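Tertiary structure, described
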Amino acid sequence: MSTSEREITFGEAVREAISEEMRRDETVFFMGEDVAVAGGVFKVTAGLYEEFGSKRIRDTPISEAGIMGVGVGAALTGMRPVVEIMFGDFMTIAMDQVVNQAAKLCYMTGGQARVPLTIRTTIGAGRSSAAQHSQSLHAWMAHIPGVKVLIPSTPADLKGMLKSAIRDDNPVIIYEDKMMYSLKGMVPEGDDHLVPIGKADIKREGTDVTIVATSSMVQLALSAADTLEQEGISVEVVDPRTLSPLDTDTILQSVRKTSRAIVIDEGYRSYGVTGEIASLIADEAFDYLDAPVKRLGAMDVPVPFSPSLEPSTIPNEAAIISAVHSMYRDVA
Amino acid sequence: MSDDIEIVQPSSDDSELTHPREFCAEMYRKMVTIRRFEEAVLEIYQQGLMPGLAHPYIGQEASAVGVCTALRDDDYITSTHRGHGHLIAKGGQVDRMMAEMMGKEAGYNRGKGGTMHIADMSLGILGANGIVGGGMGMATGAGLSAQMRETDQVAVCFFGDGAANQGSFLEAANMASIWSLPVIFLCENNLYGEYTSHRDVTAIKEHIAERAAGYNMPAIVVDGMDVVAVYETTSRMVENARAGNGPCFIETKTYRYRGHHVGDGNPEKTYRTQEETDLWKTRDPITRLARRMVKGGMATEEEVSEIDQSIQSAVEHAVEFAKQAPFPEKGEVTEHVYV
Ligand SMILES: Cc1ncc(C[n+]2csc(CCOP(=O)(O)OP(=O)(O)O)c2C)c(N)n1
Ligand SMILES: [Mg+2]
């Protein structure tokens, strides 16, 4: 690698991406609840207000439907808004403007309208925040043609993808796991680090089993892979990074090589990301499979508050390892 | 604009209490219970016994207690993320609340809801809420239900100055008004959302109650640090609603002494000033009521401190109860997704 690298956190990746793009393009601005003076509830946008001022870094009222609508309108008319919805759970309040308006305007107007809107929001359980602050509802958006859906798992991917999102002429939503803001990772130096939308990444190469994992599940898959390696099972970890449009080629190539696939995502197991990717594999790589595709997702219950219950509702490393083992048993 | 709203004149702390002794003592007890409960919550949080983040109601006690004292057991409330005070004022039991805060099976929600979702349907507490503005429609629906069932129940929708900017307020207030529903929109204006002053994000700078004019309903502003004034104001409007005269808007001017949540340690270093906090503390609702009761000969200083003592031990007992209580069994996780 010729370019030099630097270690930053997941949260710093957000701040760097927004500030670099704001310096580069004066039509970019950022708004959300408590994001300016307070720097956001997760403090990831601290410092932006000091650099760019109140015209371009805006504290909004608590009005998700309104914020999103204002974002769509500004995007339609020459600005490039970045809108924060504090918790992904609150996207439910802003749904009309994303689903019925932003996502459809280009198509409905026969290609006239452009909505270069970037939405940042969060997913992820694990903080005892209970049922209205812990959901991972990204599959809802991936169901809608016309919105690009990003779900990065490392600081470098988050930074590069958020920058690509801001430059994209379509509505793009980026889901950040709120448990990962202090996760560290290397990013290339400089302000031209872009990660393409729609391109998966092999996070670890292997030959026996493919694990397709998203967001925080990538870390779990990587550590399960370490454990499994000691047992002689070589795991390849594929991170789609973008859910929509999905890089089907990278996923299918990996599965054709390994012949086994597990798909892991923190969204609900029913009607979600894992079902979509598993059916892709079944449709396009059936002849290569040595075992049925396995899926791990959140248990289909509202996320419970009690620390004695919450962990059992999301996939963990032990569950991944036992899913891998079961694939070998199934064929034995 | 302010012509449209009634501003209740602050009562002097020297004025005589016109309500019976036991009635005043009960309001005092409720306020002290809330205060001690919240202090205990801060303590168990610091000890690592409470998962998640709770939003303390300390400072705002007169608002919840004044309002709920004007309600019957079968009236409804919808509460907020800052809900402990509302729940205690409406009759919630501190031991089951504390158990819920620690995620225990003996808690109101069997440990599955936690601080932001405590509910007791038998007391008309339709739930605290993690969604700002989440209760607007529900309270209005409870009012519609009472009207359709021809009871004379009333629904109170508690919400903050921040929540007043949610679109759901407009929609619910309009429906409550056109259908003359027995709903009281009770806005607790504590000057801040999370870390942002309401003045920076709200078109109306002084009285949020001015919004009510747009929904053709009466609006009253009252000192939210004076439990008697809040009680008298709410009582009057509750009677009005029971009589079928439709909704109203009450704004209580109040202040949270603590940060937005248990982890927001020092708001005076960031988004508000020490002078402001100190000023509001001089209006402390608990001290004020105690002083008036003593002055009016309703209670001696000793009797007041006896009440304080007994509440202190009730809260300590609640904490002990919650600590000892078991966590829910594993199988609980899939229970109650459906009825
Ligand atoms: C729909 C929604 N948006 C944002 C939040 C995050 N949030 C929680 S409390 C709060 C501030 C609420 O302010 P206010 O209504 O004045 O109530 P207070 O906290 O002052 O009691 C915010 C923004 C939320 N829980 N729900
Ligand atoms: Mg407030």
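Residues numbered from 1 in each chain as written. Chains lettered and ligands numbered in written order. Predicted model: local features only at pLDDT ≥ 70, side-chain atom pairs only at ≥ 80, totals over all residues. Heavy atoms only, no water.

Quick look at helix α3 (residues 64-76) of chain A
Residue and element names in this part refer to chain A. How we decide: What counts as a helix is a DSSP run of H or I of at least four residues, what counts as a strand is a run of E of at least two, and both are numbered from the N terminus. To estimate the expected span of a helix, subtract one from its residue number and multiply by 1.5 Å. Relative accessible area decides the class of each residue, using a 1.4 Å probe on protein chains only: under 20% of the type maximum gives buried, over 50% gives exposed, and in between gives partly exposed. Contact definition: two residues touch when any of their heavy atoms are within 4.5 Å.
Taking 1.5 Å of rise per residue, the 13 residues of α3 would be expected to cover 18 Å, and the 18 Å separating its terminal C-alpha atoms lies within 8% of that figure. Within the span of α3, buried status applies to Glu-64, Ile-67, Met-68, Gly-69, Gly-71, Val-72, Ala-74 and Ala-75. Packed against the buried residues of α3 are β2 (28-32), β4 (80-85), α4 (95-108) and β5 (118-123). Downstream of α3 by one or two residues, Gly-78 has phi in the positive range, about 105°.

Comments concerning the pairing of strand β11 (residues 235-239) of chain A
Residue and element names in this part refer to chain A. Put simply, the rule is: Only strands joined by at least two bridges in the DSSP assignment are considered to pair. Look down the strands so they point away from you; if the path from the first strand over the helix to the second goes clockwise, the crossover is right-handed.
Along β11, 5 of the 5 residues are buried, which leaves the element largely enclosed by surrounding structure. Where burial is concerned, the two faces of β11 agree: the one with Val-235, Val-237 and Asp-239 and the one with Glu-236 and Val-238 are both buried. Pairing of strand β9 (residues 201-204) with β11 involves 3 bridges; the strand directions are antiparallel. For Asp-201, the partnering residue across the bridge sits in β11 and is Asp-239. In terms of handedness, the path from strand β10 (residues 209-213) via helix α7 (residues 216-230) over to β11 forms a crossover that is right-handed.

Quick look at the confidence of the model for chain B
What counts here: Predictor confidence is given residue by residue as pLDDT, running from a minimum of 0 to a maximum of 100.
Averaged over every residue, the pLDDT of chain B is 96; residues scoring 70 or more account for 99%. For this predicted complex, the interface confidence reaches an ipTM of 0.95, while the overall pTM sits at 0.96.

Description of the pairing of β5 of chain A
Residues and elements named next belong to chain A. Judged by how many residues are buried, β5 sits mostly within the fold: 6 of 6 residues are covered. Residues of β5 alternate between two faces, with Thr-118, Arg-120 and Thr-122 on one and Ile-119, Thr-121 and Ile-123 on the opposite face, all of them buried. As judged from the 4 bridges shared by β4 and β5, these two strands associate in the parallel manner. Note on β5: the bridge partner recorded for Val-83 is Ile-119. Each parallel crossover has a hand, and the one from β4 via α4 to β5 is right-handed.

Side note on the pattern of salt bridges
To be explicit about the condition: Basic side-chain nitrogens of Lys or Arg form a salt bridge, by our definition, when they fall within 4 Å of a carboxyl oxygen of Asp or Glu.
Evaluated as defined, the whole model comprises 44 salt bridges over all chains. When the shortest N-O distance is used, the salt bridge between Arg-110 of chain B and Glu-332 of chain B registers 2.9 Å. Here Arg-110 of chain B is found in the loop between α4 (94-101) and α5 (136-148), whereas its partner Glu-332 of chain B is found in the segment after α11 (301-324), with 222 residues between them in sequence. Its salt-bridge partner being Lys-253 of chain B, residue Glu-251 of chain B comes within 2.8 Å of it at the nearest N-O pair. Comparing Glu-251 of chain B with Lys-253 of chain B shows no difference in burial state: the two are buried. Among the charged side chains, a network of salt bridges with common partners joins Arg-6, Glu-16, Glu-20, Glu-21, Arg-24, Lys-159, Lys-163, Arg-167 and Glu-189 of chain A.

What to know about the environment of Leu-252 of chain A
Residues and elements named next belong to chain A. For Leu-252, the location among the structural elements is in helix α8 (residues 248-258). Given a relative accessible area of 5%, Leu-252 falls into the buried group. Sequence spacing of Leu-252 and Val-37 is 215 residues, and the spatial spacing of their C-alpha atoms is 46 Å.

Focus: the coordination of the magnesium ion (ligand 2)
Six octahedral donors around a metal ideally make angles of 90 or 180 degrees; four tetrahedral donors ideally make 109.5 degrees. All names here are of chain B. Operational definition: Here a donor is an N, O or S atom found within 2.8 Å of the metal, or within 3.2 Å if the metal is Na, K or Ca; sites may look incomplete because water is not among the atoms.
Protein coordination of the magnesium ion (ligand 2) is provided by Asp-161 (OD), Asn-190 (OD1) and Tyr-192 (O), with donor distances spanning 2.1 Å. Read N to C, the donor residues that coordinate the magnesium ion (ligand 2) are spaced as D-x28-N-x1-Y. The buried category is assigned to Tyr-192, whose relative accessible area is 7%.

Considerations on the site of ligand 1
This is how it is decided: Each residue is tested against the molecule or strand, and it is near if at least one of its non-hydrogen atoms lies within 4 Å. As used in this structure description, the phrase polar contact means that two N or O atoms lie within 3.5 Å; if the pair is within protein, one of them must be able to donate a hydrogen and the other to accept it, and residues adjacent in sequence are counted only when both atoms belong to side chains. Using the Shrake-Rupley algorithm and a 1.4 Å probe, accessible areas are obtained, with residue cover drawn only from the displayed protein chains.
Surrounding ligand 1, one finds 22 residues, the nearest of these being Glu-64 of chain A together with His-81, Arg-82, Gly-130 and Gly-162 of chain B. At 2.8 Å from a nitrogen atom of ligand 1 is found a main-chain nitrogen or oxygen belonging to Gly-130 of chain B. The separation between a nitrogen atom of ligand 1 and a polar side-chain atom of Glu-194 of chain B is 3.1 Å. Contact with the protein chains hides 97% of the accessible area of ligand 1, taken as 580 Å² for the molecule alone.

Quick look at the packing of aromatic side chains
Just so we agree on the cut-off: Only rings of Phe, Tyr and Trp enter the pairing, Trp through its six-membered ring, and a pair is recorded when the two centres are within 6.5 Å. The plane angle decides the type: under 30 degrees is stacked, over 60 is edge-to-face, the rest tilted.
Across all of its chains, the model carries 13 aromatic pairs over all chains by this definition. Measuring from centroid to centroid gives 5.4 Å for Phe-42 of chain A and Tyr-181 of chain A, while their planes differ by 35°, and the two rings are tilted. Of this pair, Phe-42 of chain A sits in the loop between β2 and α2 (48-52) while Tyr-181 of chain A sits in the loop between β7 (172-177) and β8 (184-188), and the two are 139 residues apart along the sequence. Centroid distance Tyr-255 of chain B to Trp-280 of chain B: 5.3 Å. Interplanar angle 5°. Geometry classified as stacked.

Let's talk about the interface of chain A and chain B
Stated precisely, the cut-off is as follows: Buried area, as used here, totals the accessible surface that two parts lose on assembly, with accessibility defined by a 1.4 Å probe and the loss added over both.
Facing the 32 residues of chain A at the interface are 33 residues of chain B. In total, chain A and chain B occlude about 2300 Å² of area from one another, counting both sides; carbon and sulfur atoms represent 67% of this. The three residues of chain A that bury the most area against chain B are Ile-62, Phe-305 and Leu-309 of chain A, which together make up 27% of that side's buried surface. On inspection of chain A and its partner chain B, the count reaches 0 salt bridges. Linking chain A to chain B there are 9 residue pairs in polar contact (both at pLDDT 80 or more).

Points about the sheet that holds β9 of chain A
Residues and elements named next belong to chain A. Quick reminder of the rule: Where helices are involved, their axes are fitted lines through C-alpha atoms of the stretch in contact, as for all axes, and angles between N-to-C directions lie from 0 to 180°.
The 5 strands are arranged β9-β11-β10-β13-β14 in an open sheet whose pairing can be described as mixed. Each edge of the open sheet is held by one strand with a lone partner, namely β9 and β14 (294-298). Across the sheet, the mean angle from the axis of one strand to that of its neighbour is 25°, orientation sign disregarded. Where strand β13 (residues 261-268) lies against β14, 4 bridges are found, and the strand directions are parallel. Considered in β14, the bridge of Ile-264 is made with Leu-296. Helix-sheet contacts for α7 involve β9, β10, β11 and β13, and the interaxial angle to β11 is about 170°.

Some thoughts on the environment of Asn-190 of chain B
All names here are of chain B. Relative to the helices and strands, Asn-190 resides in the loop between β4 (183-189) and α7 (198-201). Given the relative accessible area of 5%, Asn-190 is considered buried. For the pair Asn-190 and Tyr-255, spaced 65 residues apart in sequence, the C-alpha to C-alpha distance is 4.3 Å. Contact partners of Asn-190, with chain neighbours within four places excluded, come to Gln-60, Arg-82, Asp-161, Thr-254, Tyr-255 and Arg-256.

Brief notes about the state of the cysteines
All names here are of chain B. As a reminder of what qualifies: A pair of cysteine sulfur atoms is labelled a disulfide when the two atoms are within 2.5 Å.
Scanning all chains against the criterion turns up 0 disulfides over all chains. Not part of a disulfide, Cys-157 finds its nearest cysteine sulfur in Cys-187, a span of 9.5 Å. Cys-157 sits in the buried class, given a relative accessible area of 1%.

Here we look at the sheet that holds β7 of chain A
All names here are of chain A. With mixed pairing, 7 strands are arranged side by side in an open sheet as β3-β2-β4-β5-β7-β6-β12. Of all the strands in the sheet, the pair left with one neighbour each is β3 (57-59) and β12 (242-244). The average angle at which neighbouring strand axes cross in this sheet is 20°, direction not considered. Where β5 meets β7, 6 bridges bridge the pair, whose relative direction is parallel. Directly across from Thr-118, in β7, lies its bridge partner Val-172. Docked against the sheet, helix α6 (residues 155-167) engages β2, β4, β5, β6 (148-150), β7 and β12, running at close to 160° with respect to β7.

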